[in-house]
Amino acid sequence: MADDCFAHPRLAAIYDPLDPDRSDLDPYLRIAEEFKAQRVLDIGCGTGVFALLLADRGIEVVGVDPAQASIDVALTKAGNERVRWICGDATGLPPLQVDLATMTANVAQAITDPQTWQNTLRGAHEALRPGGHLVFETRDPARRAWEEWTRERSYRVTEIPGVGSVESWVQLVEVSRPLVTFRWTYRFAVDGQVLTSDSTLHFRERDEIERDLDAHGYVVDGVRDAPDRPGREFVFLARRP
């Protein structure tokens, strides 16, 4: 199930305006170029920002996401016809042979159920051609990122064309390692409606992830740093032999 910030139509519609700086995707674009990827599977594609950036570069893209509301937003964007959109997840994909599969931002950590995580790794492996790569990021639990998820640090007011003023902030709900739950709150000035979206992330240790990848037949070619959050995240590059 997708979180309300992706699945609720009113929240999905403001997701991009509330997070306009997607420079975090630049390293993934460079990786696609590094691997000379011609076919990419974007797992957890959301509103399609990364998928469309790839398509703009002439890459064949399949974007999959469990939130129909987010895909509906992607379908309103220029160039959307160049991407194959699937409402679902990586556990039930059609037959594919891609060069690169990605899980950007929080996608990998948002898969909290252990069996679904294993099935996702299996599904991505099946979708990759031999020699293809799965690339994803996950926060280093030792850095305790959740300690910064407070209203004081996150509160802002955003003016969104056609929507009006929106207040938003995040608050920590529960820490029950390896799971951390937090809540985003949104207040719409135009009618006073308040919507909330609860999210839970799974903070996996590096060696745990490496064991999982090995168990599903991947070879870990490297674990890089995330340029936008140096020293705070692991970026895994796993290859299907």
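Coordinates for the structure precede this section.
First, a word on what this report is: a plain description of the structure on this page. Quick caveat, the model's predicted, so the values are computed rather than measured.

1. Some points on the packing of aromatic side chains
Two descriptors summarise a pair of aromatic rings, namely the distance from one centre to the other and the angle between the planes of the rings.
In step 1: All chains considered together, the criterion is met by ten aromatic pairs.
In step 2: Aromatic side chains Trp117 and Phe136 sit 5.8 Å apart centroid to centroid with 80° between the ring planes, which places their arrangement in the edge-to-face category. Here Trp117 is found in helix α8 (residues 114-127), whereas its partner Phe136 is found in strand β5 (residues 128-139), with 19 residues between them in sequence. Phe136 matches Trp117 in its accessibility class, with the two residues each being buried.
In step 3: Look at Phe136 and Phe236: their rings are 5.3 Å apart centre to centre, the planes differ by 15°, and that puts the pair in the stacked class. A residue pair is termed long-range when its members are at least 10 positions apart, and Phe136 in strand β5 and Phe236 in strand β11 (residues 233-239) qualify at 100 residues.

2. Quick word on the pattern of salt bridges
In step 1: By the definition in use, this model includes 18 salt bridges.
In step 2: Between Arg129 and Asp99 there is a salt bridge whose closest N-O contact spans 2.5 Å. Pair noted here: Arg129 is in strand β5 and Asp99 is in strand β4 (residues 98-103), with a separation of 30 residues, a long-range link.
In step 3: Accessibility expressed as a relative area gives 26% for Arg129, which makes it partly exposed.
In step 4: One salt bridge connects Arg206 with Glu210, and the closest N-O pair in it is separated by 3.2 Å. You can see Arg206 and its partner Glu210 sitting in helix α10 (residues 206-215), four residues apart, about one turn around the helix.
In step 5: Its relative accessible area of 36% is what places Arg206 among the partly exposed residues.
In step 6: Several salt bridges converge on common partners, so that one network encompasses Glu137, Asp228, Arg229 and Glu233.

3. Things to note about α10
In step 1: Within α10 the residues assigned to the buried category are Ile209, Asp212 and Leu213. Each buried residue of α10 sits inside an arc of 100° when the element is viewed along its axis, so together they form one side. Exposed and oriented more than 90 degrees from the buried face of α10 are Arg211, Asp214 and Ala215.
In step 2: Taken together, the buried residues of α10 touch α8, β5, β10 (219-224) and β11.
In step 3: Where α10 ends, the next residue or the one after it, Gly217, has phi of about 90°, a positive value.

What counts as what
- Residues numbered from 1 in each chain as written.
- Predicted model: local features only at pLDDT ≥ 70, side-chain atom pairs only at ≥ 80, totals over all residues.
- Heavy atoms only, no water.
- Phe/Tyr/Trp six-rings, centres within 6.5 Å; stacked < 30°, edge-to-face > 60°.
- Helix = DSSP H or I, 4+ residues; strand = E, 2+ residues; numbered from the N terminus.
- Buried < 20%, exposed > 50% of the residue type's maximum accessible area, 1.4 Å probe, protein only.
- Salt bridge = Lys/Arg side-chain N within 4 Å of Asp/Glu carboxyl O.
- Arc of directions from axis to C-beta.
- Contact = heavy atoms within 4.5 Å.

Remember that the coordinates give geometry; whether it matters functionally is a separate question.
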